[in-house]
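# Structure at a glance
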Protein chains: 2
Amino acid sequence: MIAAIFQNNPIFGAIENNISDLLGAIKSKDFDLLVLPELFATGYQFLDKTEALSLADELEHGYTFEAMKQLSHEKNALIIYGFPQRVGNEVFNSALAIAPNEKNHLYQKMHLFDTEKNIFSPGKTGFSVFQYRDAKIGIMICFDWRFPEAARKLALLGGQIICHPSNLVMPHCPDAMITRALENCVYTATANRVGEEYRTGSRLKFIGKSRIIAPNGEVLAELGTEKGFVAVVVDPKLADNKEVTSRNGVFDDRRPEFY
Amino acid sequence: MIAAIFQNNPIFGAIENNISDLLGAIKSKDFDLLVLPELFATGYQFLDKTEALSLADELEHGYTFEAMKQLSHEKNALIIYGFPQRVGNEVFNSALAIAPNEKNHLYQKMHLFDTEKNIFSPGKTGFSVFQYRDAKIGIMICFDWRFPEAARKLALLGGQIICHPSNLVMPHCPDAMITRALENCVYTATANRVGEEYRTGSRLKFIGKSRIIAPNGEVLAELGTEKGFVAVVVDPKLADNKEVTSRNGVFDDRRPEFY
C-alpha cells in the first residue's frame, strides 16, 4: 500500500483556507493512507479554551470532517487528521481516521504538551488498533512520542503502522521515531507542520522533518522544513516480523515479569 | 562527579593482557565512575558454553575481580565491568559494580543477543539501582537497549546514571541511547568495544561509538572507532528533574492505566 504524509503551514483559524491548501497540494497524488498533522486545519496556538471550543467540532460533524470524508471517498484512501474535538464543554486534542464505508476511529491525545493542558482535556480513548485493508493501524499524537509506552502499547496490540499527527517544536522527535520503529519493529508515519505561530506571547516555530520509517529503522521518506507531501510503498506484513536476529524477537525476548 | 568510559579492543581469552592494556591506558586518568565494556577482559565470541565456563569467574572471585577491586581502591572510584559469571554449571553475561568499602552490585544481562543464547543463561537479577556517593546507579548491558522497559525500569527505580557495558555490532544503539536518556531524563554511559572477532565462522565487527549522554539528550562525550577513554563531569541531581516543560514531566505525565 502507498502511505503518505502531508506537512502543512496552516494560517491560524482559517479552516477553509487550510483545507483548500491541502486539497490543492494533493490533487494529483495517489495514496492508500494519508497522515495529516495534529490540528492541521485550525492551527495550534489557541488563546484559551473558549477560543478552542469556538474552533472545535463535535465528533463526525463540521466542515473539516465533511471535507476529509469527501477526500477519503475521492482518493479511496484512509485519511488520519488531527482536530480539536468538542465534547460538551471539554475539548480534546484528537485525531480521526476516516475511510470509505468503514467505521471511523477516534484517538484523543493521551499526553498533552505544555500549554495544551490549559486548553484540552487529557485523552480518554487510550490506545487502540484497527484494521484497514491489509494493515493494522495505530494512532498517537505528537508528544506521545516521548513516552515509550505509547508506541509499545500500539505495537503490542498488533499495530503495524503507527500514524503520528504532530505539531513538533522541539528537535528530538524525528530521530527518536527511529528508535520507536526499531524497538517495536513497526512502520511509523509522522506528519508534522512547519511555520510559526505567535499568538499567546510565546513564539512557536514548528520543525517540519516529517518522516515515514520502516520496521528496520530505515527512513523511507522525509520532508524538510517547507510544506510538502511525500509517499512511499509500505508492506504492513513486514511489521509482523519481530525478529532482530534468527534468535531474537523484540516481543518474544521481553521479560515483563521484571519490568 | 567525573564519569568515564573506556572503549577497548581485547584479544580473545587474553585476560591478563587485556586488563594490563586497560590499566596502562587509564594510569594517569582521574574519575569517580568508570564504565567498561561487556565481557571486557575475556572477549566476546565464545566457541561454546564449555569455553565460556573455562573463562568465567564465580562472583567476587578470580583475576579480573581482584584487578578491578584493586583499581577501584587506587582510583577511589566505582568501576563497572562486564564479565562471564560462573554459577554452578551456568554462565551469565554479567556486570559487577565495585567501589572501595562498598557492597558490590551484580547485574546479569536480561536480554541475550543472538548466539549468546547458546552460551549464557538469561539473567535472574532483574533491574536494580544502588547508591554510590551522590549518585543513584543502574546497570543494563548491550542489547538491553533495544527494550525500552530496561532503561525505564532503572529510571523509575530512581536511577540517575544508567551504566551500559556493551559489545555492539549493529549500528543503531548509539543514537537510540539519546532517546533512552530523553524519555527518562537520565544520564547514560555506554562503554562499547572496537575491533573484530572471527572465531565461530561469523565475523563480528564491533562499532565503538561509546557515549555519555545527558538527561536532556545532549551527547556530552563520545569516542570513535578506535580504542579510547573519555571522561566528563556529570551532576546526578540533574537527572532528578524530570521536567520537559514547566507543565510536563516524563514521569508525572505517564498514564500507566492505559499502557
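Residues numbered from 1 in each chain as written. Chains lettered and ligands numbered in written order. Predicted model: local features only at pLDDT ≥ 70, side-chain atom pairs only at ≥ 80, totals over all residues. Heavy atoms only, no water.

### Points about the interface of chain B and chain A
Where interface size is given, it is often the accessible area lost as the parts come together that is meant. Taken together, the contact pairs 42 residues of chain B with 42 residues of chain A. The largest share of the area that chain B buries against chain A comes from Arg-146, Arg-247 and Tyr-259 of chain B, three residues that together contribute 18% of it. Run the count over chain B and chain A and you get 10 salt bridges. On the surface where chain B and chain A come into contact, there are 27 residue pairs in polar contact (both at pLDDT 80 or more). Secondary structure elements with two or more residues in the side of chain B that touches chain A: α4 (116–119), α5 (148–156), α6 (173–184), β15 (243–245) and β16 (248–249) of chain B. Among the elements that line the side of chain B that touches chain A, the one with the most residues is α6 of chain B, at five residues. For the side of chain B that touches chain A, the per-class residue count stands at 17 nonpolar, 12 polar and 13 charged. (Contact = heavy atoms within 4.5 Å. Buried area = accessible area lost by both parts, 1.4 Å probe. Salt bridge = Lys/Arg side-chain N within 4 Å of Asp/Glu carboxyl O. Polar contact = N/O pair within 3.5 Å; in protein donor to acceptor, adjacent residues only side chain to side chain. Helix = DSSP H or I, 4+ residues; strand = E, 2+ residues; numbered from the N terminus. Nonpolar A, V, L, I, M, F, W, Y, C, P; charged D, E, K, R; others polar.)

### What to know about α5 of chain B
Within α5 of chain B, seven of the nine residues are buried, which leaves the element mostly enclosed by the surrounding structure. Listed in full, the buried residues belonging to α5 of chain B are Pro-148, Glu-149, Ala-150, Ala-151, Arg-152, Leu-154 and Ala-155 of chain B. Residues of α5 of chain B that are buried make contact with α5 (148–156) and α6 (173–184) of chain A together with β6 (129–132), β7 (135–139), β8 (161–165) and α6 of chain B. Backbone geometry just downstream of α5 of chain B places Gly-158 of chain B in the positive-phi region, at approximately 105 degrees. (Buried < 20%, exposed > 50% of the residue type's maximum accessible area, 1.4 Å probe, protein only.)

### What about helix α3 (residues 63–75) of chain B?
All names here are of chain B. Between its terminal C-alpha atoms α3 stretches 18 Å, which fits the 18 Å expected from 13 residues at 1.5 Å a residue. Within the span of α3, buried status applies to Thr-64, Phe-65, Ala-67, Met-68, Leu-71, Ser-72 and Lys-75. An end-on view of α3 places all buried positions within 165 degrees of arc, on one side of the element. Of the surrounding elements, those touching the buried residues of α3 are α1 (15–25), β2 (33–35), β3 (78–87) and β4 (90–98). (Expected span 1.5 Å × (residues − 1). Arc of directions from axis to C-beta.)

### Comments concerning the packing of aromatic side chains
Residue and element names in this part refer to chain A. Within the structure shown, the criterion is met by 18 aromatic pairs over all chains. A centroid spacing of 5.4 Å and a plane angle of 75 degrees characterise the contact between Phe-12 and Phe-46, whose relative ring orientation is edge-to-face. Remark: Phe-46 occurs in the loop between β2 (33–35) and α2 (49–55) and Phe-12 occurs in the loop between β1 (2–7) and α1 (15–25); sequence separation between them is 34 residues. On the accessibility criterion, Phe-46 (5% relative accessible area) is buried. One aromatic cluster in this structure is built from Phe-12, Phe-46 and Phe-120. Over the ring of Tyr-198 we find Arg-203, and its NZ or CZ is 4.2 Å from the ring centre. (Phe/Tyr/Trp six-rings, centres within 6.5 Å; stacked < 30°, edge-to-face > 60°. Lys NZ or Arg CZ within 6 Å of the ring centre and 35° of its normal.)

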